[in-house]
Structures are given as structure tokens and as C-alpha cells.
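# Report on the structure
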Amino acid sequence: MKLRGSAMASLHDFLASSYQREHVSLLGRASIALLPILDFLAREGFSKKIALPSFLCPSPLAAICEAEWEPYFCDVSLVDGNVSSFEIDKAVAAGVNVFFLVHLFGNPNSATARLLEIQKTKKIFVIEDACQALGAWHNGKPCGTFGDVSLFSFGHTKTIDVKGGGAALTDELLLKEYIDSFDFKNSSLLRIPTDVSGYFYAAQKAFFADPDHSPAHFSGLVDIYRQSLGRSWNESWVDPILERLGHLEKVVALRREKQQLYREGLQGIVPLEWSENASPWRYAFRVPGLSWDQQRQLSEAVRAVGTNLSNWYYPTHWMYGTHGSHLEWTSQFSREIFQLWLDDDTDFEMVNQNIKTFNEAYQRFHG
Ligand SMILES: Cc1ncc(COP(=O)(O)O)c(C=O)c1O
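Residues numbered from 1 in each chain as written. Predicted model: local features only at pLDDT ≥ 70, side-chain atom pairs only at ≥ 80, totals over all residues.

## Let's talk about the packing of helix 2 (residues 34-43) against helix 3 (residues 58-66)
Close contact between helix 2 and helix 3 brings their axes to 9 Å; oriented N to C, the two are set at 45°. The angle between the axes of helix 2 and helix 3 places the two elements in the oblique class. Our pair here, helix 2 against helix 3, has a crossing hand that is right-handed. On helix 3, the residues touching L34, L35 and L38 of helix 2 are P60, A63, I64 and E66. Looking at the contact of helix 2 with helix 3, its residues break down into 6 nonpolar, no polar and 1 charged. (Axes fitted to C-alpha atoms, helices over the stretch in contact; angles between N-to-C directions. Helix = DSSP H or I, 4+ residues; strand = E, 2+ residues; numbered from the N terminus. Parallel < 35°, antiparallel > 145°, perpendicular 65-115°, else oblique. Left-handed = near helix turned anticlockwise from the far one by under 90°. Contact = placed C-beta atoms within 7 Å. Nonpolar A, V, L, I, M, F, W, Y, C, P; charged D, E, K, R; others polar.)

## Some words on the sheet that holds strand 2 (residues 49-53)
Overall, mixed pairing links the 7 strands, which are arranged 1-9-8-5-4-2-3 in an open sheet. With partners counted over all chains shown, the strands left at the sheet margins are strand 1 (23-27) and strand 3 (70-74), one partner each. Strand-to-strand, the axes of this sheet are offset by a mean angle of 20°, without reference to chain direction. Pairing analysis gives 5 bridges linking strand 4 (residues 98-102) to strand 5 (residues 125-129), with the strands arranged parallel. By the bridge assignment for strand 5, F100 is matched with I127. (Pairing = 2+ DSSP bridges.)

## As for the site of the ligand
Lining the immediate surroundings of the ligand are 14 residues, of which R29, A30, S31, C57 and S153 lie closest. Considering only residue class, the shell around the ligand consists of 6 nonpolar, 6 polar and 2 charged. (Near = placed C-beta within 6 Å.)

## Thoughts on the pairing of strand 1
Every other side chain in a regular strand lies on the same face of the sheet, so the side chains alternate between the two faces. Judged by how many residues are buried, strand 1 sits mostly within the fold: 5 of 5 residues are covered. Judged from the 5 bridges that link them, strand 1 and strand 9 (residues 166-170) form a sheet pairing that is antiparallel. Residue pairing across strands places L27 opposite G166, the latter belonging to strand 9. (Buried ≥ 20, exposed ≤ 12 C-beta atoms within 10 Å, placed from the backbone.)

## A closer look at the sheet that holds strand 12 (residues 309-310)
One open sheet holds the 4 strands; their spatial order is 10-11-13-12, and the pairing between them is antiparallel. Looking at strand neighbours, the two that pair on one side only are strand 10 (270-271) and strand 12, the edges of this open sheet.

## With respect to the pairing of strand 8 (residues 149-153)
Across the 5 residues that make up strand 8, a large majority, 5, are buried. In strand 8, alternate side chains face the same way, and those of V149, L151 and S153 on one face and S150 and F152 on the other are all buried. Direction of pairing for strand 5 relative to strand 8: parallel, over a ladder of 3 bridges. Following the sheet pairing, E128 is matched in strand 8 by S150. Sheet analysis places strand 8 next to strand 9, joined by 5 bridges and oriented antiparallel. Each residue of the ladder has a partner; that of F152, found in strand 9, is A167.

In C-alpha cells form, the structure reads like this:
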């Protein structure tokens, strides 16, 4: 029988060697790594402003707010939902020195090279978010090897989903020690958990009831997400994570096969531009030109026949309370986005069924 300690050591070693990093910190979830990381950077003299995509799971934004940093929202590209080099340059020109580099939907972010290039002449710090990109590669290296620190998640819906857990990988010993000794109890993370979904659905309902679809209905939701950040590492996650990491390549290959089926079968849609080295998290695509109401109607028609379809995410800056007229691509992307599942619970038969039901609903929608 393996000793607990040795399983933990195996997980550390596996992550460190796979991602060519000296140090690994395991946490209750990926987002909360931002608390010690941002605190560390503030002590190092970085101004407390961080660039992040405006189309993202709201939890990292919640952690940024919890750390009392100011978010600088970047618009995303309609091509793949990632932040482009152009947006990075804009953020640099606006004086931002800390970047949250996300590989959205498991698609390697093509602005990675731009950030690394800027780092040669300027002191900027890159926090790489590989939470949806486990198993993806970019320019011959795995995603998760590019940032000064890189984050992974093993939480709900992720490529390896053990219902919780995250990892922060870095070569900087002082940062690793700061993360490991951070007293999360000093933050307000131990507040009584809130029914986050309840608040979210109430906001969404008000948004759709409002003929103007004002983003203000989502305003302040970030404070609700802040209350769901607190979670500690659970040792029972170690074995299942290790086991699944052991066949990650096979997991990714299966996801790519399902992605290919969707790509060939879905009609009337614009697929995202997928890198061949992506590790697709969901099959994400756009239906261009939709209004909010049309997106909802089409999604409901697909769901009504039993296909699990999602439209994640609403613009992140809305949760913060910023309308962001300069973030128009994000709003459009959000209005046009659809995602179908590629996970282990979605077998090839179900993929074919999803294609059929989507195409039929789409035909009726346009008919
Ligand atoms: C791209 C991305 N980053 C970060 C996170 C946060 O991960 P965690 O739930 O482990 O905090 C998520 C979670 O959905 C995510 O999708």
C-alpha cells in the first residue's frame, strides 16, 4: 500500500517534471492561488493592477477582488476567445505589469509569445492559467510552462475533474514558500458559503426580463463569487489525479476525436479556430449575428430535446459592475457562444446525437 506522503510526493514530482518546474503548491482550488501570488507581487513593488480576459470563469476575478487588486479587462478575439497581442500591448501601454494569461477552452493563447518577448525588456509578471488547457501544447512546450507561475485546476468540469483541487507551479522558491505559508484565514474566505447559482440565475432572469438587457443586472455578482472561494486541499484527490494524469494523452486524444466529429457534423456554425495542439475542454463554437434572446431561444430548443448545451460565459466585467463599452468583442462573443461536451461521460454516440439535435434545432430556428 502506498503511504499518503509518498503519493503526494509522486504528484509533486509528476507535475514538476511534466511542466519543467522546480516547485509545486497544491491548493483547494486554482483561483485562491491568486491571493498569495498577488500579495507577494504587491510586496515586490508591482502596482496592484492585473490584466485579465473579459471572458472567463468569474472565480479568478473574485480572487483578484479578494486580494484587493484592480482588474484591467482585456477584450477577447472572436476567432478563439483568447486575448490577442494587440490587447496585451494596450494593457502594457496603460501601465499594467501583471498579466493573467488564459488558454481559453484549452486553445493555446497565441499572445503567449508576445508576453515572453515583452518580458525581455520590461519587468512584467505572467500568471499563466492552464486550468482549461491540461494536455495542450504550444510551440513545442506544454501549456503551463510559460508563466512565471502557472495554475492548474482539477475542479468541476475540468479535463481531470476530481471535484476540487488546484496547483500552482513556479521556479521561484520565495513565491512557492509564500504560497505555502499564506494564511488564508486572514482573508474573508471562511464566510458561510452562499448559494452562488441562485444569485447568478436571479441576475440572468432579470437580464432577460429587461428589454434593454442591461449588464447592470450582473453587477456585484463578483462579491457572491468571492464567498465561494474558500476551500482547502483534500488528500483524497491525490490518487485519482495521479491516476488520470497517467493517461492524459489518451484523454486528450479522445477529446480531439469528439471535437473532429462536431467540427464535421455541425451545420450553420462558425467553429473557433482550434490549434491542432489544443486540448479541447468543450467543443466551443459561435452562431454569428445572434441577439441575446436568439441565443437563449436556440439554446433552450436544443436543451428541450435532451442535449446538454452551455453558453459560458457572460462578460466578466459585468460581474464587476463595469459596462465596458471598449469590450465589444467580448459581448458579441458571449452572445454567440455555444459549447457541447467532450468529457468521459459524453461517448461518441452521444456526440452524434448532440450533432443531430443541434442541427435540427438550428434548422427549425432558421426555418
Ligand atoms: C480558465 C479558468 N481559470 C480558472 C478557473 C478556476 O479554477 P478553480 O475552480 O480550481 O478555482 C476556472 C474554473 O472554471 C477556469 O475555467
